Amino acid sequence: MKDETNGTGLRLLNGPAADRWAVNCFLGGAMLYFVCALYSHTLLPQQNAFQAPVQLLYLCAVALLVGKILLFTRYTRPQLAAVVLIVGVWLASQWGHFAFSEEPLAVLVLLAAKDAPLHRVVRPYLAITAAGLAVTAGLAVAGVLPMTIAGVDREGVLRPAFGFYHPNTLAATVLGLFAAWLLLRFERLGWADWAGLLAAAAFVYKVPNSRMAALAMLAMLAAEALLKFWNKVLEYPAARLLCCLAPLLTALASLAAGTLYRQGTPLWDRLNALSSDRLRLFHLAGQSYGITLLGTPLNDPEIYALDNLFLRVLYGYGVVLALVVVGLLTLLVLRCVRLRAKPETAVLLGMTLYAACEGAAASPSYNLVLLLVVGCLCGVPDGQFALLSRPAADEAGASDG
């Protein structure tokens, strides 16, 4: 282990070869994570199809990501102790009952993102997710996978899922592609890009009939257009403040909507219908569980899948973790605004809105911008802070001098 004197911290393995291994381990692990996550979002696991190969890919991803975290990432001493503790707890939690689920692997991806060239993960994500979406939809059209899910309908009409676990899962996958395209093409967006993005939003609204995903797409497009064509908008303190307050305001609006909802009132009934009965569930969750310090398990089968990230965390895990989630999102928006990272800011604002009605916004398999969280938590300097839309301003600061 080398103790750097220039403030960059400690890394177990150093040198040009280690730098290459660091990049390859992260990119390889992240790409395998995207494959495994996409597989878990489809109906293929229910048919026991391709389980052995996917489990092998999962184990390879774990090895690559743990190697990147422990061997090829630079930490200060407190950061190193915290990461070793987190990885140790992760390994202990998996010991004896290892589960090939997305969430543990997502934690490793987020930890491994520190000091990684995040801009290099956007293209692989687009390629893997688009190919997986095409294959899954093709299998559904061919009759190998179900096209619709029994009982998942809108006004009596079954909503197409094209082989995915739920129509909203299909919509979230398209939303992830939509956001990644904005991150990749922000500076070069042309009329064809705008037309394609609007078509994607229309598809999500009309086919899987996912209103919140479509609304999040339109919100991202509006924010993207504002930030792109009004270059100095983030120079105004009021605009920066509003962006940074978006997670808190969204969480408070979610809580207020659930608290104030009154069934039988024409306006509330109409809003509840537009939200696919979510407002009633928000209210029911508040009445049934209330706000506690550490939360209460959401065992009620009707509330178990509460489709609001903020309220799910608040009622299920308590006010402490809810404040942590809002604080992390606020910290993330603050850093992106400070760096004038316009694509990331637009995507974050859209995903924050999406989180008000879908928990999928908390998964990096849909929301790539979450990969920036570990850099915020570790206090990476602005010049070395890796973004998804462009390389770090000072790439030399992320290598062994």
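Look up a bit, the structure's there.
Residues numbered from 1 in each chain as written. Predicted model: local features only at pLDDT ≥ 70, side-chain atom pairs only at ≥ 80, totals over all residues. Heavy atoms only, no water.

## Some words on the overall build of the chain
Counting its secondary structure elements, the chain contains 15 helices and four strands. Expressed as lengths along the three principal axes of its C-alpha atoms, the size of the chain is roughly 65 × 55 × 50 Å. A buried classification covers 51% of the 401 residues belonging to the chain. On the chain, roughly 18,300 Å² of surface is accessible, and the fraction owed to carbon and sulfur atoms is 68%. Side chains of the chain give 28 positive and 23 negative charges; the mean places of these two sets differ by 5 Å. (Helix = DSSP H or I, 4+ residues; strand = E, 2+ residues; numbered from the N terminus. Buried < 20%, exposed > 50% of the residue type's maximum accessible area, 1.4 Å probe, protein only. Areas by Shrake-Rupley, 256 points an atom, 1.4 Å probe, with all protein chains shown as cover. Lys, Arg positive; Asp, Glu negative; His and termini not counted. Charge placed at Lys NZ, Arg CZ, Asp CG, Glu CD.)

## Re the pattern of salt bridges
Taken as a whole, this structure holds nine salt bridges when the rule is applied. Two residues, Arg 340 and Glu 235, come together in a salt bridge whose shortest N-O distance is 3.1 Å. Highlighted residues: Arg 340 in the loop between α13 (319-338) and α14 (342-355) and Glu 235 in the loop between α8 (211-229) and α9 (237-260), separated in sequence by 105 residues. Given a relative accessible area of 26%, Arg 340 falls into the partly exposed group. Here Arg 335 makes a salt bridge to Asp 382, at a shortest N to O gap of 3.3 Å. Of this pair, Arg 335 sits in helix α13 while Asp 382 sits in the segment after α15 (373-377), and the two are 47 residues apart along the sequence. Taking relative accessible area as the criterion, Asp 382 reaches 31% and is therefore assigned partly exposed. Through salt bridges with shared partners, a single network forms among Arg 278, Asp 307 and Glu 358. (Salt bridge = Lys/Arg side-chain N within 4 Å of Asp/Glu carboxyl O.)

## Comments concerning the state of the cysteines
As enumerated under the stated definition, the model contains zero disulfides in all. Lacking any disulfide linkage, Cys 25 is separated from the closest cysteine sulfur, that of Cys 60, by 12 Å. A relative accessible area of 5% places Cys 25 in the buried class. (Disulfide = S-S within 2.5 Å.)

## Here's the deal with the environment of Pro 117
Along the chain, Pro 117 turns up in the loop between α4 (102-112) and α5 (122-141). Residues Pro 117 and Tyr 165 lie 48 residues apart in sequence; the distance between their C-alpha atoms is 32 Å.

## What about α9?
With 24 residues, α9 should reach 34 Å at 1.5 Å per residue; the first-to-last C-alpha distance of 32 Å fits that figure. Along its length, α9 shows its largest kink, about 50°, at Ala 246, and proline Pro 247 lies within four residues downstream of that point. Here α9 has its buried residues at Ala 239, Cys 243, Cys 244, Ala 246, Pro 247, Thr 250, Ala 251, Ser 254, Ala 257 and Gly 258. Contacts from the buried residues of α9 go to α10 (266-274), α11 (278-289), α12 (309-317), α13 and α14. (Expected span 1.5 Å × (residues − 1). Bend = angle between axes of the 7 residues up to and from the residue. Contact = heavy atoms within 4.5 Å.)

## A word on the packing of helix α6 (residues 167-185) against α14
Put simply, α6 and α14 touch, their axes get as near as 9 Å, and they point 165° apart. Accordingly, the angle class assigned to the pair α6 and α14 is roughly antiparallel. The handedness of the crossing between α6 and α14 is right-handed. For the pair α6 and α14, the contacting residues are Asn 168, Ala 172, Leu 175, Ala 179, Leu 182 and Leu 183 in the first and Pro 343, Glu 344, Val 347, Met 351 and Tyr 354 in the second. Residues of the contact of α6 with α14, tallied by class, amount to nine nonpolar, one polar and one charged. (Axes fitted to C-alpha atoms, helices over the stretch in contact; angles between N-to-C directions. Parallel < 35°, antiparallel > 145°, perpendicular 65-115°, else oblique. Left-handed = near helix turned anticlockwise from the far one by under 90°. Nonpolar A, V, L, I, M, F, W, Y, C, P; charged D, E, K, R; others polar.)

## Let's talk about the environment of Gly 295
As for its placement among the helices and strands, Gly 295 is situated in the loop between α11 and α12. Here the alpha-carbon distance between Gly 295 and Tyr 317, two residues 22 residues apart in the chain, equals 4.0 Å. In this structure, Gly 295 is in contact with Tyr 315, Gly 316, Tyr 317 and Gly 318, ignoring residues within four places of it in sequence.

## Focus: empty space enclosed by the protein
On inspection of all chains with the given rule, the structure shows two cavities of 30 Å³ or more. Of the pockets and cavities examined, the largest cavity occupies roughly 70 Å³. Forming the walls of the largest cavity are Phe 34, Ala 37, Leu 38, His 41, Tyr 125, Thr 129, Ala 172, Thr 173, Ser 365 and Tyr 366. Looking at the lining of the largest cavity, the elements with two or more residues in it are α1 (16-40), α5 and α6. Ranked by residues supplied to the lining of the largest cavity, first place goes to α1 with three residues. Residue composition of the lining of the largest cavity, by class: six nonpolar, four polar and no charged. (1 Å grid on protein atoms, 1.4 Å probe; cavity = no way out; pocket = protein on both sides within 12 Å on 5 of 7 lines; lining within 4 Å. Points joined across faces, edges and corners; volume = space filled by probe spheres on them.)

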